[in-house]
Amino acid sequence: MLSHEKILQKMDTEKLGQNVIYLDETDSTNEYVKKIAPDSPEGTLVVADCQKSGKGRLGRNWSSPHGEAVFMSFLLKEHLIPENASMITIVAAIAVQKALSSLAADVKIKWPNDIVLNGRKVCGILTEMKSSGLESQYVVVGIGINVNNQSFPENIARTAASLYTETRKKYDRSDIICNVMKEFEKYYHLFVEKNDLSGLMSEYNQCLVNRENEVEIIGKSETYRGKSLGIDSYGRLLVQRCDTGMTESIVSGEVSVRGVYGYV
Ligand code: BTN
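Residues numbered from 1 in each chain as written. Predicted model: local features only at pLDDT ≥ 70, side-chain atom pairs only at ≥ 80, totals over all residues. Heavy atoms only, no water.

Chemist: Tell me about the sheet that holds strand β6 (residues 120-130), and please be specific about residues and values.
Modeler: Within the open sheet, the seven strands sit side by side as β1-β2-β3-β7-β6-β5-β4. Their pairing is mixed. Each edge of the open sheet is held by one strand with a lone partner, namely β1 (20-23) and β4 (107-110). Each strand of the sheet is rotated relative to its neighbour by a mean of 20°, with strand direction disregarded. The sheet contact formed by β6 and strand β7 (residues 138-145) spans eight bridges and is antiparallel. Directly across from M129, in β7, lies its bridge partner V139. Contacts between helix α2 (residues 29-36) and the sheet are confined to β1, β2 (45-48), β3 (70-76), β6 and β7, with β3 contributing the most and set at about 25° to the helix. Running at roughly 30° to β3, helix α5 (residues 173-194) makes contact with β2, β3 and β7 of the sheet. (Pairing = 2+ DSSP bridges. Helix = DSSP H or I, 4+ residues; strand = E, 2+ residues; numbered from the N terminus. Axes fitted to C-alpha atoms, helices over the stretch in contact; angles between N-to-C directions. Contact = heavy atoms within 4.5 Å.)

Chemist: Break down the nonpolar core for me, with residues and values.
Modeler: One finds I7, L45, M72, L76, I143, I145 and F184 to be the most contacted residues of the largest nonpolar core, which totals 64 residues. Per element, the largest residue contribution to this core is ten residues, and it comes from helix α3 (residues 88-101). The contacts of L76, once residues within four sequence positions are left out, are L16, E42, I88, Y138, V139, V141, F184 and Y188. Grouped together as the second largest cluster of nonpolar side chains are eight residues, L23, V33, A48 and L75 included. (Core = buried A, V, L, I, M, F, W, Y, C linked by side-chain atoms within 4.5 Å. Buried < 20%, exposed > 50% of the residue type's maximum accessible area, 1.4 Å probe, protein only.)

Chemist: Outline the packing of α3 against α5, supporting the account with residue identities and numerical values.
Modeler: It is at 8 Å that the axes of α3 and α5 come closest, and there the two elements cross at 135°. Taken together, the axis directions place α3 and α5 in an arrangement best described as oblique. In this structure, the crossing between α3 and α5 has a hand that is right-handed. Where α3 abuts α5, its residues I88, V91, A92, I94, A95, V96, K98, A99 and L100 lie against I176, N179, V180, E183, F184, Y187, Y188 and F191. Considered class by class, the residues forming the contact of α3 with α5 number 14 nonpolar, one polar and two charged. (Parallel < 35°, antiparallel > 145°, perpendicular 65-115°, else oblique. Left-handed = near helix turned anticlockwise from the far one by under 90°. Nonpolar A, V, L, I, M, F, W, Y, C, P; charged D, E, K, R; others polar.)

Chemist: So what about empty space enclosed by the protein? Which residues, and what values?
Modeler: For the coordinates displayed, the defined rule picks out three cavities of 30 Å³ or more. The volume enclosed by the largest cavity comes to roughly 80 Å³. In terms of lining, the largest cavity is formed by K110, W111, L208, V209, N210, V215, S228, L237, V257, R258, G259 and V264. Counting residues per element, the lining of the largest cavity draws most heavily on strand β12 (residues 256-259), at three residues. (1 Å grid on protein atoms, 1.4 Å probe; cavity = no way out; pocket = protein on both sides within 12 Å on 5 of 7 lines; lining within 4 Å. Points joined across faces, edges and corners; volume = space filled by probe spheres on them.)

Chemist: Can you explain the sheet that holds strand β9 (residues 223-231)? Please cite residues and give values.
Modeler: Read across the sheet, five strands follow the order β11-β10-β9-β8-β12 without closing on themselves; strand pairing throughout is antiparallel. Edge strands, defined here as strands with exactly one partner in the open sheet, are β11 (247-250) and β12. Averaged over all neighbouring strand pairs, the angle between strand axes comes to 45°, with direction disregarded. In terms of strand pairing, β9 meets strand β10 (residues 237-241) through five bridges, oriented antiparallel. By the bridge assignment, I231 is partnered in β10 with L237.

Chemist: Mind laying out the site of the ligand, listing which residues take part and the relevant values?
Modeler: S28, Q51, K55, R57 and K121 are the nearest of the 20 residues found near the ligand. The side chain of T29 places a nitrogen or oxygen atom 3.1 Å from a nitrogen atom of the ligand. Between R57 and the ligand, the recorded distance is 2.7 Å, taken from a backbone N or O atom to an oxygen atom. Contact with the protein chains covers 98% of the free accessible surface of the ligand, which is 410 Å². Mapped onto the shell around the ligand, the elements with two or more residues apiece are α2, β3, β6 and β7. Taken together, the residues that form the shell around the ligand break down as six nonpolar, ten polar and four charged. (Near = heavy atom within 4 Å. Polar contact = N/O pair within 3.5 Å; in protein donor to acceptor, adjacent residues only side chain to side chain. Areas by Shrake-Rupley, 256 points an atom, 1.4 Å probe, with all protein chains shown as cover.)

Chemist: Quick rundown of unusual backbone geometry? Include the residues and the values.
Modeler: Omega for the peptide link from W111 to P112 comes to 0°, which places this bond in the cis form. For N118, which is not a glycine, the phi torsion comes out positive at approximately 50°. Assignment of secondary structure puts N118 in the loop between β5 (114-117) and β6. Take N118: its relative accessible area is 46%, and that puts it in the partly exposed class. Its identity is not glycine, yet N195 carries a phi of approximately 65°, on the positive side. As for its placement among the helices and strands, N195 is situated in the loop between α5 and α6 (201-206).

This is how it looks when you write it as structure tokens:
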């Protein structure tokens, strides 16, 4: 069972995740953090056992059943440069990859920030930013990890997996939450030091699914194929086009990138 005490006991960070709010149920942990952001300290972490309206990217829902998965969001307020905030999602991806790779072999990152295991998605990250007015800038990093889920709703059953479905082992969710926070703190320091991803991009690229392989880039105006070369220090995916041989820098949110054989 997940609890406030268990999470606090195991938290091994310097600053982030030192203030923990645990909820049996909420609409969305990202929404909760946004509400408390003005009066909460840096790194405040909200964890819920279940979400009634879990939010995914692009306005999608995030399946959030009771007792099985991790739903966590935390607040960043210090050291923020609005133009660089989108890179925080890359920092979160490498942190989750590192936290999960001690539990299951072959955990990979699908650019920019899906975590996949055996070709299926086990974790999604939703980073939201408030940047209007210098006083009230903040970023909320929301992470959903499928941990002990035994099955998934029909609409995602083909592409989703949990650590349990892939390894047939059950995991303590508080260990995973605390490992993610510890890894995030480490990589976030590297990011803040340089104000870009140069300190961690090579580690990220080592875990990138389809690196050096052919991918399909689906943009608004065109779809093309190319070789994925990895990210640059701003988190853009470099892809060498098959048709022209030119290297494109792809910005997340503008296109979707898929393997040539399906989701991954
Ligand atoms: C995605 O679509 O891949 C992103 C999913 C993010 C889900 C997490 S669960 C915790 C936090 N609260 C939310 O409502 N969403 C994020």
